[in-house]
Amino acid sequence: MKKPLRILLKTALIVMAMFCLATFAVADGEIAGADFNDGAMHWSISEDGVLTISGTGEAPDYGNGSNAPWYAYRNQISSIVVEEGITGLGNYAFSELNNVVDINLPNSLTALGEYCFYTCSALTEIDLPDNLEMLSEFLFYGC
């Protein structure tokens, strides 16, 4: 009875370790990054504080800023680059990123969720893409 249990536990640990390595692989020059939105998108933060969102589709809504996967690195993020292919940014996507001074949004972007840039207090200017169809309430609240 002990040997099958031990094998099962070892197997579970190996599978968990493989999942962690696959999901949170960080490239050279990055301090953090992972796939999200069922693997359709990827986020990464470079050593110089650039948060990059890549992939395709609409990014999910977050109930508040602390639910975004990059929130733990908020004090290190000074710039945001959203790459072509992203069509929407969800509620609270970049809220409480108080050190962000520069945001680059793609032409593929058509929607920005509520409180998307909530309290990005260092942000003084942003160029919005021409294809935007929806600007949500409180988008720049606290900026």
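Calculation criteria
- Residues numbered from 1 in each chain as written.
- Predicted model: local features only at pLDDT ≥ 70, side-chain atom pairs only at ≥ 80, totals over all residues.
- Heavy atoms only, no water.
- Core = buried A, V, L, I, M, F, W, Y, C linked by side-chain atoms within 4.5 Å.
- Buried < 20%, exposed > 50% of the residue type's maximum accessible area, 1.4 Å probe, protein only.
- Helix = DSSP H or I, 4+ residues; strand = E, 2+ residues; numbered from the N terminus.
- Contact = heavy atoms within 4.5 Å.
- Pairing = 2+ DSSP bridges.
- Axes fitted to C-alpha atoms, helices over the stretch in contact; angles between N-to-C directions.

Enquirer: Even after reading the chapter, I still don't get the nonpolar core, so can you show me in this structure?
Expert: In a soluble, globular protein the nonpolar side chains are often hidden away together inside. L51, W70, L89 and F94 are the most contacted members of the largest nonpolar core, which totals 31 residues. Only β1 (30-36), β2 (41-46), β3 (50-55), β5 (79-82) and β6 (86-89) provide two or more residues apiece to this core. If sequence neighbours within four positions are ignored, F94 has contacts with L51, I53, W70, I80, V82, L89, C116, F117, Y118 and C120.

Enquirer: Mind showing me how you'd approach the sheet that holds β3 here?
Expert: Within a sheet, adjacent strands bond to each other through the backbone by hydrogen bonds, running parallel or antiparallel. As summarised here, the arrangement of the 5 strands in space is β1-β2-β3-β5-β7, forming an open sheet in which the pairing is mixed. Edge positions in the sheet fall to β1 and β7 (102-104), since each of these pairs with one other strand and no more. When strand polarity is set aside, the average angle formed by the axes of neighbouring strands in this sheet is 10 degrees. One ladder, built from 3 bridges, connects β5 with β7; its direction is parallel. From the neighbouring strand, S79 faces β7, where its bridge partner is D102.

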